[in-house]
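What follows is each chain in one-letter form.
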Amino acid sequence: MPSYQLRDTATRQLLAHGLADYAAAEAALDRLDDELEHDLAANGEGAGRIRLRLDVEEVTDGVTETVGHHLLLFGVDDAPGPLPAL
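The text that follows walks through the structure, step by step, so that each part is easy to find. (Residues numbered from 1 in each chain as written. Predicted model: local features only at pLDDT ≥ 70, side-chain atom pairs only at ≥ 80, totals over all residues. Heavy atoms only, no water.)

## Observations concerning the pairing of strand β4 (residues 63-73)
Regular strands have side chains that alternate between both faces of the sheet.
1) Next: Bridging between strand β3 (residues 51-60) and β4 involves 10 bridges; their strand directions are antiparallel. Bridging from a neighbouring strand, V56 pairs with G68 of β4. (Pairing = 2+ DSSP bridges. Helix = DSSP H or I, 4+ residues; strand = E, 2+ residues; numbered from the N terminus.)

Take a look at the structure:
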C-alpha cells in the first residue's frame, strides 16, 4: 500500500512522510502553509514575496515517485513594485 510524503523541491528536504493518501498530503500542505504564515507573523516579519515549491511523492515498496507539486506563495497581496534590497 502506498504512502505519501512532502519534499521541498529546491533543498530536497523531507518535510512530512508516512501520509496515508493524497488527501492527507494536501492537508499537510495546508498545515505547513498555516505554520509558516504564523511563524512569520510571530517574528514580526512580512511574507516578502516568498515562493516555495513542494513535491508530493508517492512511496510504494521503497520506490519514490513525484505525483504532484504545490506552490506556496506569500506576499502576493503586497503592493506591486521591486523586491526590497538584500
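Right, picking up where we left off after that structure.
## Side note on the side chain of Q5
1) Next: Topologically, Q5 is positioned in strand β1 (residues 3-8).
2) Next: A distance of 2.7 Å separates a polar atom in the side chain of Q5 from a polar atom in the side chain of E57.
3) Next: Ignoring sequence-local partners within four residues, the contact set of Q5 consists of L14, A16, H17, L19, D55, V56, E57, V59 and T64. (Polar contact = N/O pair within 3.5 Å; in protein donor to acceptor, adjacent residues only side chain to side chain. Contact = heavy atoms within 4.5 Å.)

## Overview of the nonpolar core
1) Next: With 11 residues, the main nonpolar core is built from Y4, L6, A16, L19, A25, A28, L29, L54, V56, L72 and F74.
2) Next: When contributions to this core are tallied by element, the ones reaching two or more residues are β1, β2 (14-19), α1 (22-42) and β3.
3) Next: Beyond its immediate chain neighbours, meaning those up to four positions away, Y4 contacts H17, G18, L19, A20, D21, Y22, A25, V56, E57, E58 and V67. (Core = buried A, V, L, I, M, F, W, Y, C linked by side-chain atoms within 4.5 Å. Buried < 20%, exposed > 50% of the residue type's maximum accessible area, 1.4 Å probe, protein only.)

## Topic: the sheet that holds β2
1) Next: If you trace the four strands from one edge of the open sheet to the other, you get β2-β1-β3-β4, paired in antiparallel fashion. Only two strands of the sheet have a single neighbouring strand rather than two, namely β2 and β4. Neighbour-to-neighbour, the strand axes of the sheet open up by a mean angle of 20°, direction not taken into account. (Axes fitted to C-alpha atoms, helices over the stretch in contact; angles between N-to-C directions.)

## Considering a negative patch on the surface
1) Next: Where like charges cluster on the molecular surface, the negative patch consists of E26, D30, D34, E35, E37 and D39.
2) Next: With respect to the helices and strands, the residue E35 is situated in helix α1. (Patch = residues over 30% accessible without salt bridge, like charges linked within 9 Å, V, L, I, M, F, W, Y side chains within 5 Å. Areas by Shrake-Rupley, 256 points an atom, 1.4 Å probe, with all protein chains shown as cover. Salt bridge = Lys/Arg side-chain N within 4 Å of Asp/Glu carboxyl O. Lys, Arg positive; Asp, Glu negative; His and termini not counted. Charge placed at Lys NZ, Arg CZ, Asp CG, Glu CD.)

## A short note on unusual backbone geometry
1) Next: One non-glycine residue with positive phi stands out, namely R12, at about 65°.
2) Next: Of note, R12 is situated in the loop between β1 and β2.
3) Next: Although it is not a glycine, D61 adopts a positive phi angle of roughly 50°.
4) Next: Note on placement: D61 falls in the loop between β3 and β4.

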